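As a plain string of letters, each chain reads:
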Amino acid sequence: MVADKKPKFTEDLLGDDPVSAAGSTTAGPSTSSATAPFGLPPSPPPVDELLPTYTEVATGSSSLVPTGPLVPSATAAAGGDSSTLLPPSYSIYTPKTSSHYLNQHVISYDSHINTSPEALYQFLLVENQQPPRQYVQIRGSHEVRHTHWERDSEGRSRTRTESRSVTDFEFKIDLTSGLWPLVQADVGLSQEVKGRLEVLPDDQRVYRGGRVKARWSPPKNRGKKNGGCAGRRRRRRLQQQQQQEEGGLDSEQLDDNSAPLLGPEEHTDNVDHPTVIPDSAVPVREWAERYCRLPTTCKEFILRKPVTNLDQNLLTKLITNAVRDTGYRGSVYVSFPKTHHKVAIYPDTWLARTRQNPWVRWFFYLTFLWIISWPILYLATRKFHIVVSEWEWGFVRERRTVQLEGGGTQEVSMPVPEESERVWAGLWKGAVKMAAWRKRHDGNGSRSGSGSWCVRFGAGAGGNGGAYGETWGADEDW
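Computed from a prediction, not measured in an experiment: that's the story for all the values here.

Thresholds, definitions, all that
- Residues numbered from 1 in each chain as written.
- Predicted model: local features only at pLDDT ≥ 70, side-chain atom pairs only at ≥ 80, totals over all residues.
- Heavy atoms only, no water.
- Helix = DSSP H or I, 4+ residues; strand = E, 2+ residues; numbered from the N terminus.
- Contact = heavy atoms within 4.5 Å.
- Axes fitted to C-alpha atoms, helices over the stretch in contact; angles between N-to-C directions.
- Left-handed = near helix turned anticlockwise from the far one by under 90°.
- Nonpolar A, V, L, I, M, F, W, Y, C, P; charged D, E, K, R; others polar.
- Core = buried A, V, L, I, M, F, W, Y, C linked by side-chain atoms within 4.5 Å.
- Buried < 20%, exposed > 50% of the residue type's maximum accessible area, 1.4 Å probe, protein only.
- Pairing = 2+ DSSP bridges.
- Parallel < 35°, antiparallel > 145°, perpendicular 65-115°, else oblique.
- Salt bridge = Lys/Arg side-chain N within 4 Å of Asp/Glu carboxyl O.
- Phe/Tyr/Trp six-rings, centres within 6.5 Å; stacked < 30°, edge-to-face > 60°.
- Expected span 1.5 Å × (residues − 1).
- Bend = angle between axes of the 7 residues up to and from the residue.
- Patch = residues over 30% accessible without salt bridge, like charges linked within 9 Å, V, L, I, M, F, W, Y side chains within 5 Å.
- Areas by Shrake-Rupley, 256 points an atom, 1.4 Å probe, with all protein chains shown as cover.
- Lys, Arg positive; Asp, Glu negative; His and termini not counted.
- Charge placed at Lys NZ, Arg CZ, Asp CG, Glu CD.
- pLDDT = per-residue confidence, 0-100.

Regarding the overall build of the chain
What the chain contains, in helices and strands, is 13 helices and 17 strands. Excluding contacts between residues fewer than 6 apart, the proportion of contacts in the chain whose partners are at least 24 apart in sequence is 68%.

Points about the packing of helix α9 (residues 312–324) against helix α13 (residues 419–437)
Remark: α9 packs on α13, axes separated minimally by 9 Å, with the N-to-C direction vectors making an angle of 35 degrees. Seen from above, α9 lies across α13 with right-handed handedness. Residues Leu 314, Leu 315, Leu 318, Ile 319, Ala 322 and Val 323 of α9 lie in contact with α13, whose contacting residues are Glu 421, Arg 422, Trp 424, Ala 425, Lys 429, Val 432, Lys 433 and Ala 436. Residue classes in the contact of α9 with α13 are distributed as 10 nonpolar, no polar and 4 charged.

Side note on the nonpolar core
Ranked by size, the top nonpolar core spans 29 residues in total, and within it Val 136, Ile 138, Trp 424 and Val 432 carry the most contacts. At the level of elements, β3 (133–151), β4 (157–174), α9, β8 (331–335) and α13 are the ones that each hand at least two residues to this core. Looking at which element gives the most residues to this core, the answer is α13, with 8 residues. In terms of nonpolar packing, the next biggest core, distinct from the first, is built from 25 residues, Phe 123, Val 199, Val 206 and Val 387 among them.

Side note on the pairing of β3
Pairing between β3 and strand β9 (residues 338–339): 2 bridges, direction antiparallel. Of the residues in β9, the one forming a bridge with Gln 134 is Lys 338. Inspection of the sheet shows β3 paired to β4 by 17 bridges, in the antiparallel sense. Each bridged residue has a counterpart across the sheet, and for Gly 140 the counterpart in β4 is Phe 169. Two successive antiparallel strands, β3 and β4, enclose a turn made up of 5 residues, where Gly 155 displays a positive phi of approximately 90 degrees. Taken together, the 5 bridges between β3 and β8 define a ladder with antiparallel strand orientation. Pairing of Ile 138 across the sheet is with Val 334, part of β8.

Here we look at the packing of helix α11 (residues 358–367) against helix α12 (residues 370–380)
Across the interface, α11 lies against α12 with an axial gap of 8 Å and an inter-helix angle of 125 degrees. When the axes of α11 and α12 are compared, the pair comes out oblique. Residue-level inspection shows Arg 361, Phe 364 and Tyr 365 of α11 in contact with α12, the latter providing Trp 370, Ser 373 and Trp 374. For the contact of α11 with α12, a count of residues per class yields 4 nonpolar, 1 polar and 1 charged.

Looking at the pattern of salt bridges
On inspection of all chains with the given rule, the structure shows 11 salt bridges. A salt bridge links Glu 390 to Arg 196; its shortest N-O distance comes to 2.6 Å. Of this pair, Glu 390 sits in strand β12 (residues 387–392) while Arg 196 sits in strand β5 (residues 196–199), and the two are 194 residues apart along the sequence. The exposure class of Glu 390 is buried, given its relative accessible area of 17%. Taking the relative accessible area as the measure of exposure, Arg 196 reaches 40% and is therefore partly exposed.

Regarding the environment of Ile 319
Among the structural elements, Ile 319 can be located in helix α9. In the structure, Ile 319 is positioned 107 residues away from Gly 426 in sequence and 9.8 Å away in space, judged by C-alpha atoms. For Ile 319, the contacting residues outside a window of four places in its chain are Val 136, Ile 138, Val 334, Trp 424 and Val 432.

Section: the packing of aromatic side chains
With the rule as written, the count across this model stands at 13 aromatic pairs. When the ring of Trp 362 is compared with that of Tyr 365, the centres are 5.5 Å apart and the planes differ by 90 degrees; the resulting orientation is edge-to-face. With Trp 362 and Tyr 365 both in helix α11 and 3 residues apart, the pair spans about one turn of that helix. Taking the relative accessible area as the measure of exposure, Tyr 365 reaches 29% and is therefore partly exposed. Between Phe 363 and Phe 364, the aromatic rings sit 5.9 Å apart at their centres with planes inclined by 80 degrees, giving edge-to-face as the arrangement.

Focus on α13
The end-to-end C-alpha distance of α13 is 27 Å, a good match for the 27 Å that 19 residues give at a rise of 1.5 Å each. The sharpest bend along α13 comes to roughly 50 degrees, located at Trp 428. Listed as buried for α13 are Ser 420, Glu 421, Trp 424, Ala 425, Trp 428, Ala 431, Val 432, Lys 433, Ala 435, Ala 436 and Trp 437. Downstream of α13 by one or two residues, Lys 439 has phi in the positive range, about 55 degrees.

Overview of unusual backbone geometry
Its identity as a non-glycine residue notwithstanding, His 340 has a phi of 55 degrees, on the positive side. Structurally, the position occupied by His 340 is in the loop between β9 and β10 (342–345). Judged by its relative accessible area of 36%, His 340 falls in the partly exposed class. Even without glycine at this site, Lys 439 takes up a positive phi of about 55 degrees. For Lys 439, the position within the fold is in the loop between α13 and β15 (441–447).

Side note on a nonpolar patch on the surface
A surface patch of nonpolar side chains, amounting to about 650 Å² of accessible area, comprises Phe 368, Trp 370, Ile 371, Ile 372, Trp 374 and Ile 376. In this fold, Ile 372 is placed in helix α12. For Ile 372, a relative accessible area of 58% translates into the label exposed.

Brief notes about a positive patch on the surface
On the surface, Arg 205, Lys 213, Arg 215 and Arg 304 cluster together into a patch of positive charge. Relative to the helices and strands, Arg 215 is located in the loop between β5 and α6 (223–226). Taking the relative accessible area as the measure of exposure, Arg 215 reaches 49% and is therefore partly exposed.

Regarding the confidence of the model for the chain
Of the residues in the chain, 62% reach a pLDDT of 70 or more, and the chain-wide mean stands at 74. Within the chain, the element-level pLDDT minimum falls on strand β16 (residues 453–455), averaging 39, and the maximum on strand β6 (residues 299–304), averaging 95. Low pLDDT, under 50, characterises residues 222–227; the stretch is placed with 11 contacts to residues that sit more than four places away or in other chains. Note on residues 254–272: pLDDT under 50 across the span, and 26 contacts to partners over four residues away in sequence or across chains.

Below, the structure is given as structure tokens:
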């Protein structure tokens, strides 16, 4: 029969008996080392022949098997114990930093944090534990006008009035101790002091790694895959293929104009639509990696430390009322300066260092070269200002019950609106009135070790000279 015939190429390679050509299958000495003709792989070992176990050692090769513990040669030579070996200790990289000459914010040109995303991320975590210094500066001034007679070039007499501003008092008070993380550490509610490191929302115009400020918006359907003529032809072709697989079209009906276009909201299974992640959902570590991946040397990463939940308008009104209670009739100015509120990271290049040099800046100011250089540097620099370290101000809290998304409730500590400002103004009202009445200049507010709020007055603070509560500080003529 035809089925009993062996293929001709099998008979040529293995002969009349393929089993005898490869080796016998009976019990006996191993024949697994027999080589098949014409380079074919050898036949498997017989079933009765078992491979040696892993505990058996070949004769004459015992010197090649290690008999002791696998320990480093230095430890073995010193007689150390392998159980005491520990992995190398881990330490966070500390980059080289400097302080700005004006507001004391941190500046770093370290090359390692410009190339290592993990080192940059750890540096941001460390700086997140350093609070900004928030102050309130109070200044009072009045105008002094002087009128005198003078003669012009023609010999005619006329009056001339000159005025100048006189600063009556100027001092500032430190508000840093009112930051909620510091208050938590003082009363024992928290073991560590740190801000809230997060990414700015998508609807805020900030530098997101580009050259200009922008809000985040989902990418539009452009290009060959999603838009244009090529994109429409691609969607039409995919729809036709899908209809052909379902039996709706024959191969002769596959024409560019035979099927309607897919709408922008209609997607087929054959099209790959990647998930769009907004910038606010990107973690801080990923932003550090994006910064380090940029090959350009014109880039910067700025971490700002804003103080939130501080009602400056209400605090200004309360301080102004306290100063008016002394009888002062001049102008009162209240500002809220900050120091140590920013961390700037630049590449370790001569261009980055030259841009931050104050002497070079003044040279460009005086020679008006900034008109040419600043637009070029502004458009060439990639900026990352999207990560912030928020520090909440306010020491008056209350327990509130909030509803969780998954169902259930949780008690949290939340600030009472406007309460912290009113409590602070009540504690500092006497100190502010006394500092203004004594015409204090360049004073610093502090909190004493006993917990009472006070202003340290210098020896030469001076006094108003009149009775407390009398009108003073009004504009005058002389």
